[in-house]
Amino acid sequence: MQDKTNIVLIGFMGTGKSATGRLVARRLEREFVDMDAQVEARTGRKISEIFRIEGEEAFRRYERELVQELSARRNLVIAAGGGVVLNPENTRDFSHSGLVICLKAATSAILQRVKCEDHRPLLENGDKAKRIMDLLDVRRGLYDAIPCQVDTTYMSPESTADRVIELYNEFVESPQ
Ligand code: S3P
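Here the structure is a predicted model, which means the values were calculated and not measured.

### Concerning the overall build of the protein chain
Okay, so step 1: Looking only at helices and strands, the protein chain features eight helices and five strands.
Okay, so step 2: Ordered by position from the N terminus, the helices and strands of the protein chain form the series β-α-β-α-α-α-β-α-β-α-α-β-α.
Okay, so step 3: Expected size for 176 residues packed as a compact globule is a radius of gyration near 16 Å; at 15 Å, the protein chain falls within 12% of this value.
Okay, so step 4: Dimensions of the protein chain along its principal axes, counting C-alpha atoms only, are 50 × 35 × 30 Å.
Okay, so step 5: Residue pairs in contact within the protein chain that sit at least 24 positions apart in sequence constitute 73% of those at least 6 positions apart.
Okay, so step 6: Carbon together with sulfur atoms contributes 49% to the accessible area of the protein chain, which is approximately 9000 Å² in total.
Okay, so step 7: Computing the positive centroid from 26 side-chain charges and the negative centroid from 28, the protein chain places the two 1 Å apart.

As structure tokens, this is what we get:
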């Protein structure tokens, strides 16, 4: 029996993880878990408040605990936070419990999608384009190491969801 039943969307901020994940879950009639929303619900704080009051390290601990918990469950569609790749144990645990798909997008598309938003603490200070490029410089290798990739630069969440479901069906037929 296939044990790896979760679908986990990983990727930089603004690549479409939450919007796509919600659609995939609806189409497959599965439970959707948005990790940032879960952390906020559990702590009673917005992500930006956690960063400001408790610091990024505390946030990464909440994130890590949640990855461990979700990886022990089945049939979920999970939208991870963009920084989940910073701890290789997160990616490893997710890979043991399902198909991990990395969504990526051109820096210009990411900027376009996040420019009017103000809930991402790592993009709060200074020039957003520079922050995105700096963070991507550090993380690119971590995202690129995920075998399954979908480039969402020119894709709507609907067509990204189609592609994710297609990849999951292939994975179910011949698991990695
Ligand atoms: C982060 C991405 C955010 C959120 C937090 C940190 C990151 O999630 O977890 O602000 O380190 O890239 P999204 O990718 O859903 O915006």
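### Focus on the site of the ligand
Okay, so step 1: Around the ligand there are 13 residues in total, and Lys17, Asp36, Arg60, Arg120 and Arg139 lie nearest to it.
Okay, so step 2: Contact distances for the ligand include 2.7 Å between an oxygen atom and a side-chain N or O atom of Asp36.
Okay, so step 3: One nitrogen or oxygen atom from the side chain of Arg60 is found 2.7 Å from an oxygen atom belonging to the ligand.
Okay, so step 4: For the ligand, the accessible surface in isolation is 380 Å², of which the surrounding protein chains cover 95%.
Okay, so step 5: According to the grid-proximity analysis, the pocket containing the ligand is the largest pocket.

Reading the values: the criteria
- Residues numbered from 1 in each chain as written.
- Predicted model: local features only at pLDDT ≥ 70, side-chain atom pairs only at ≥ 80, totals over all residues.
- Heavy atoms only, no water.
- Helix = DSSP H or I, 4+ residues; strand = E, 2+ residues; numbered from the N terminus.
- Rg over C-alpha atoms; globule rule 2.2 N^0.38 Å.
- Contact = heavy atoms within 4.5 Å.
- Areas by Shrake-Rupley, 256 points an atom, 1.4 Å probe, with all protein chains shown as cover.
- Lys, Arg positive; Asp, Glu negative; His and termini not counted.
- Charge placed at Lys NZ, Arg CZ, Asp CG, Glu CD.
- Near = heavy atom within 4 Å.
- Polar contact = N/O pair within 3.5 Å; in protein donor to acceptor, adjacent residues only side chain to side chain.
- 1 Å grid on protein atoms, 1.4 Å probe; cavity = no way out; pocket = protein on both sides within 12 Å on 5 of 7 lines; lining within 4 Å.
- Sits in = over half its atoms within 2 Å of the grid points.

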